[in-house]
Structure formats: C-alpha cells, structure tokens
Amino acid sequence: MPAGTLAASRAKPMGVAQRINAWTRRLPAWVLYVVMPVPAVLWFLQALNGTLSSEPIRALEHLYGELGLQILIFGLAITPLRRFTKIDLVKFRRAIGLMAFLYITLHLLVWLVLDVGDLGDIWRDIVKRPYITIGMAGFLLLIPLAWTSNNRMVRKLGPIKWRRLHKLTYPAVLLGGIHFIMLAKTWNLEPMLYNAAIVLLLALRLKFPVRRASQA
Amino acid sequence: MAGRWKNDLTHADVTPKAAFLNRRQVMAGAGALAAAGGIGGAAWAKLNAKPSQYSISEEPNSLQDITTYNNFYEFGTDKGDPARHAGALTTDPWSITIDGLVEKPGEYSMEQIMEGVELEERIYRFRCVEAWSMIVPWVGFELADLLNRVGVKPEAKYVAFETLLRPEEMQGQRRQFIDWPYREGLRLDEAMHPLTIMATGLYDEPMPKQNGAPIRLVVPWKYGFKSIKSVVRISLVEEEPHASWNQLIPREYGFYSNVNPERSHPRWSQAKERRVGGGLFAQKIPTLMFNGYEDEVASLYEGMDLINEHF
C-alpha cells in the first residue's frame, strides 16, 4: 500500500469495522461458552413449568433446532464478513461451531427422548421419513467437526487435513436447511429465507475460474 | 310444617373448581380483548348451549390451550400467530352465501342463520394432521339443519365451503402460499351426518376469532384442516369440490382425510398423537380409527379403499 493512503486512513476516524474489531479484541472467546447456553436452560425451565407453550415438547424441539441452524449460518458468515467488511470474528469461530453443535444435539435429544421416545419408532422414522434421514445425516457430519474442535486435534491432524475435514460444515448446513424446508406443511417463508442465506454464503466461497484467469 | 323447603342439592351440584377457574379465565380473556378494542363485554354473554348425547366424557383442554395453539394460516403459520393477529378480523356484520343446488339460494346474515337455532354443546376429539390433538367443547348446531332449511336439490352430491378472503384483516393471506380463499368440501352424506356441526362458540362463549369466528365447520372424524373456519360460502354441487390442502399436495392430503392410524402421512406416522396440554413429559397416545367415531361413521365408507385411493 502506498505511504500516502496509509497516512490518510490513519487520519480518518475509526470505521465501524475497526470499532467492532477493537471491541471484540477485548472480549475473550470463553464468554460465548457461558452466554450462549443460557437460552437453552431458560427455555427448558419454561417448558418444565408450563409457560413456554401448550405443547412444550414441540416448542423446545423447534427452538433448539432453529437456534442451532441460526448459529451454524452465523458461523458460515464469519469468513465472508471478514472479506467484505473487515469485521474479524475468526477467534470466536470455534466457540460458535461448538455452540451450534450443542443446540443441534439438544434438538436431537428432545426429539429422541421427549418427542418420539420409542426405539422402534425412532428407527422407523430415521429410515422412512426423508426429512428425518436428512436431518440425521447433517448431525452425523457435525460429530467429527465437534470432535476435532480443540487444539490437540488441530495439531494432530495438521492444518491442511483439519481444514479439509472442516469443509464438512458446508454439506451439514445445507442438509440442515433442507431438513427445515421439508418439515413444514407447505412452502413457508421462514425456511426459504434460511436456505437463501445458506446458498448465498456458500456461493460466496466458490472460486470462479474466470476470476482466477483475470487475476493471472 | 308441611311443604317445608328441603335442600335437595348435593356436592355434585356445586360448580366444579376447574369450571369456575375456567370461567375466570374466560372473563380475564374477555376483559383483555375488550381492553384491546376487540369485543365488547356484551358479546361475551353465555350461549346456554344444551348438552348433547354426541359429547364424549373426556376432560376438555383448557381455554388457554384451545385459543393459543392454532393452525389458521390466514393469520400466519406459527401456532401463536392466530392468537396474535386474529383480533384484526371484523366478524360483525357477517353473512354466508348459500348457493348452487339449493331451493332457496341467497346471502344469509348471521342473524338469519341463527334464527330459531337451538345451540348444543358438543365435546369432541379434535385431531390435527400434524399428530397433535385436543378435546374441545364446541357450541353449535347440526349442518344438516341449515341445509334442510335452504332445501338441497336431489342432484346435489357434495358441499363446498369457503373461508373469508380479506387480506387487509387476515395478514397471512398477503402471501400466496395457498390459493386463497381457503376451501374445503364434504360429500353430502358426510355433511348431513349428525356429528357434523357448524360451530359458533366454545366453552359456552362465542367463538374466539383465532378459532374461526363467527362460524366454522367441525367434522370430528376428519383431520382438523377439513373443519374450515370463518365460513362465508356454502355451495351445493354435483362434482367433488376443490379442497385447498388436497389441491396443494394431493399425495399428502386426500379429499376425504378421515383420521386413520393405518394410513401414514408420507412424511410422518399417523399411528399416534400427542394431546396438547400434557406438559414436557406427555407420552403419545394411539390414534383411533375415525378419531374414535368409528361406530357412527364407518358405514359411510363401506367398500372404499381408505389407504391408497380415498385417503
């Protein structure tokens, strides 16, 4: 960068991105592990004392699943956010991924234990109901990602293998989005918006050959 | 001392606690609605519906359950949307156009429809196609009574129903995910069955807006979506009429849509259901053929394939 532009940018007041970055620099990532599970606990207590809904099982299942998907999508947004706005949330990415995994695990547990609650029915649903098969497949893809979301496993796998493995996030989020569309009775607006966001965030990662050629 | 008054009341005559608590809930709800500018207090007079032999003896769901957990896509697809948004609906004046193969077609005002009608309380099971259920103490009258008053012509084979189309007040109708207005239909013998009612209230009060005010169909042996709400048109026709869900996804929602534990929805089983209001640890219960009304209605479908053809 030429010296002149550097000087000019230094003279300008801090932009929004820089202000956010300055603020997040002071926020340790562990705070997310404390704050993000709070809704899960509150919803469960409300479900328990009957204030969440007349149908608390369905309500909990949906709340956990939806927040899990939202967090996953937010995780997908971190890289494009840095690329296009310079807002840098990369240091929170592991916590965000693990919290998404927490909510999706809770979603699955509510379904297994409280909703269906019968081993035969659970297996029949997984095999016979495509939206459940798809949701289950998405969850299975997340397991190795959660398993390797620690420093020891990053060292063990090495950065290249680790990165390649963590590209599983993309199909996992896609499956989650499709699962959401399929369980609605009709073409509801909400799941469509989620899927539009997922497709957009994945499309931003595509490397177009045309572009590479022009850069060369 | 002859003829001295004797107390023949027993403990059984005391209003049960659940009932008066429920009344308080109703009054609280009425107050809240009135405060919100929805309904005046006078409209909340008791309907004094008479008990019916068709009522089941199971304990009804609370008014809270029945009025906060609804599918009424005209107000949004979330279960809480009808309670949140149905207040915007104007239900007075209201009229129903009765046309097609009838002797006396016309636009009948709510007052004309209710003229001389004796309301009954019908405590029915209500089974949603989404595998949840409730027990609802409807108030209404048999559809057959209304159809006989307008005179059904012999050529009529089916009855078609239509919900109000008014996107200014029904915000869900502003999006075209269903070909509004919502439509449903019954075969004439189903419509004339004594279990089939036009309901104008529940818990002995006028119908809450989120439950299909001021008048809706209730067909207790069919999935809930057949029981069309806020009806403005009833047409007697010769051909099987258009039904919204059937039209939208014919593979999943048949024209008949009788409650049938044997016939799975392609995306979920219909063998069990969960009673709303049972809390976080409520177990599913087995779904009954024709929602438990098999003795009354099975004969309507004799010889029909209810799994593959007429589901």
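This one's a predicted model, so the numbers in the text were calculated from it and none came from an experiment.

Calculation notes
- Residues numbered from 1 in each chain as written.
- Chains lettered and ligands numbered in written order.
- Predicted model: local features only at pLDDT ≥ 70, side-chain atom pairs only at ≥ 80, totals over all residues.
- Heavy atoms only, no water.
- Helix = DSSP H or I, 4+ residues; strand = E, 2+ residues; numbered from the N terminus.
- Buried < 20%, exposed > 50% of the residue type's maximum accessible area, 1.4 Å probe, protein only.
- Core = buried A, V, L, I, M, F, W, Y, C linked by side-chain atoms within 4.5 Å.
- Contact = heavy atoms within 4.5 Å.
- Phe/Tyr/Trp six-rings, centres within 6.5 Å; stacked < 30°, edge-to-face > 60°.
- Axes fitted to C-alpha atoms, helices over the stretch in contact; angles between N-to-C directions.
- Parallel < 35°, antiparallel > 145°, perpendicular 65-115°, else oblique.
- Left-handed = near helix turned anticlockwise from the far one by under 90°.
- Nonpolar A, V, L, I, M, F, W, Y, C, P; charged D, E, K, R; others polar.
- Buried area = accessible area lost by both parts, 1.4 Å probe.
- Salt bridge = Lys/Arg side-chain N within 4 Å of Asp/Glu carboxyl O.
- UniProt positions renumbered as here; feature names shortened; annotations may be inferred.

Caption draft 1: Seen up close, unusual backbone geometry. Residues and elements named next belong to chain B. Between Asp 92 and Pro 93 the backbone carries a cis peptide bond, its omega angle lying at 10°. Secondary-structure assignment places Pro 93 in the loop between α3 (81-85) and β2 (95-100). Looking along the chain, the bond that leaves Trp 180 and enters Pro 181 is cis, with omega of 0°. Mapped onto the fold, Pro 181 is located in the loop between β6 (158-163) and β7 (183-187). Even without glycine at this site, Asp 204 takes up a positive phi of about 60°. Positionally, Asp 204 belongs in the loop between β8 (197-202) and β9 (205-206). In this structure Asp 204 comes out as buried when scored by relative accessible area, which is 14%. The phi dihedral of Ser 230 is positive, around 40°, even though this residue is not glycine. Within the secondary structure layout, Ser 230 lies in the loop between β10 (216-218) and β11 (231-237).

Caption draft 2: The arrangement of the nonpolar core in detail. Residue and element names in this part refer to chain B. With 83 residues, the main nonpolar core has Trp 138, Phe 161, Trp 221, Ile 234 and Leu 236 as its most contacted residues. Broken down by element, the residue count for this core peaks at seven residues, all from strand β5 (residues 132-142). With sequence-adjacent residues up to four places away left out, Leu 236 is seen in contact with Asp 99, Gly 100, Leu 101, Val 102, Leu 147, Val 152, Ala 156, Tyr 158, Val 159 and Leu 188.

Caption draft 3: Main features of the packing of aromatic side chains. All names here are of chain B. Evaluated as defined, the whole model comprises 18 aromatic pairs over all chains. For the ring pair Phe 177 and Trp 180, a centre distance of 5.6 Å and an interplane angle of 85° mean the geometry is edge-to-face. For Phe 177, a relative accessible area of 10% puts it in the buried group. Overall, the relative accessible area of 6% leaves Trp 180 in the buried class. Note on Phe 225 and Tyr 253: the rings are 5.5 Å apart at their centroids and 80° apart in plane angle, and the pair reads as edge-to-face. In this pair, Phe 225 sits in the loop between β10 and β11 while Tyr 253 sits in the loop between α7 (244-248) and β12 (272-275), placing the two residues 28 residues apart along the sequence.

Caption draft 4: Inspection of the packing of helix α5 (residues 56-85) of chain A against helix α12 (residues 189-203) of chain A at higher detail. All names here are of chain A. Remark: α5 packs on α12, axes separated minimally by 9 Å, with the N-to-C direction vectors making an angle of 25°. The pairing of α5 with α12 is recorded here as roughly parallel in orientation. Pair α5 / α12 crosses with left-handed handedness. Together, Glu 66, Leu 69, Gln 70, Ile 73, Leu 76, Ala 77 and Pro 80 of α5 and Glu 190, Tyr 194, Ala 197, Ile 198, Leu 201 and Leu 202 of α12 make up the contact between the two elements. Class assignment for the residues of the contact of α5 with α12 results in ten nonpolar, one polar and two charged.

Caption draft 5: Focus on the interface of chain B and chain A. Counting from both sides, the interface comprises 31 residues of chain B and, opposite them, 24 residues of chain A. When the two sides are added together, the surface that chain B and chain A hide from each other amounts to roughly 2,300 Å², 50% of it contributed by carbon and sulfur. The largest per-residue losses of area from chain B upon contact with chain A belong to Arg 267, Arg 274 and Leu 280 of chain B, which jointly make up 33% of the total buried on that side. At the junction of chain B and chain A, the tally comes to four salt bridges. Put simply, Asp 115 of chain A and Arg 274 of chain B hold a salt bridge, and the shortest N to O gap is 3.1 Å. Going through the elements one at a time, α2 (63-68), α7 and β12 of chain B are the ones with two or more residues in the side of chain B that touches chain A. Across the side of chain B that touches chain A, the residue classes tally to 15 nonpolar, nine polar and seven charged.

Caption draft 6: Structural detail: the UniProt feature "transmembrane region" (unreviewed entry) in chain A. Residues and elements named next belong to chain A. The sites that UniProt annotates as "transmembrane region" (unreviewed entry) are residues 27-47, 67-84, 96-114, 126-147, 168-187 and 193-210. Helix makes up 76% of residues 27-47 and strand 0%, with an end-to-end C-alpha separation of 32 Å. Secondary structure across residues 168-187 comprises 75% helix and 0% strand; the distance between its end C-alpha atoms is 27 Å.

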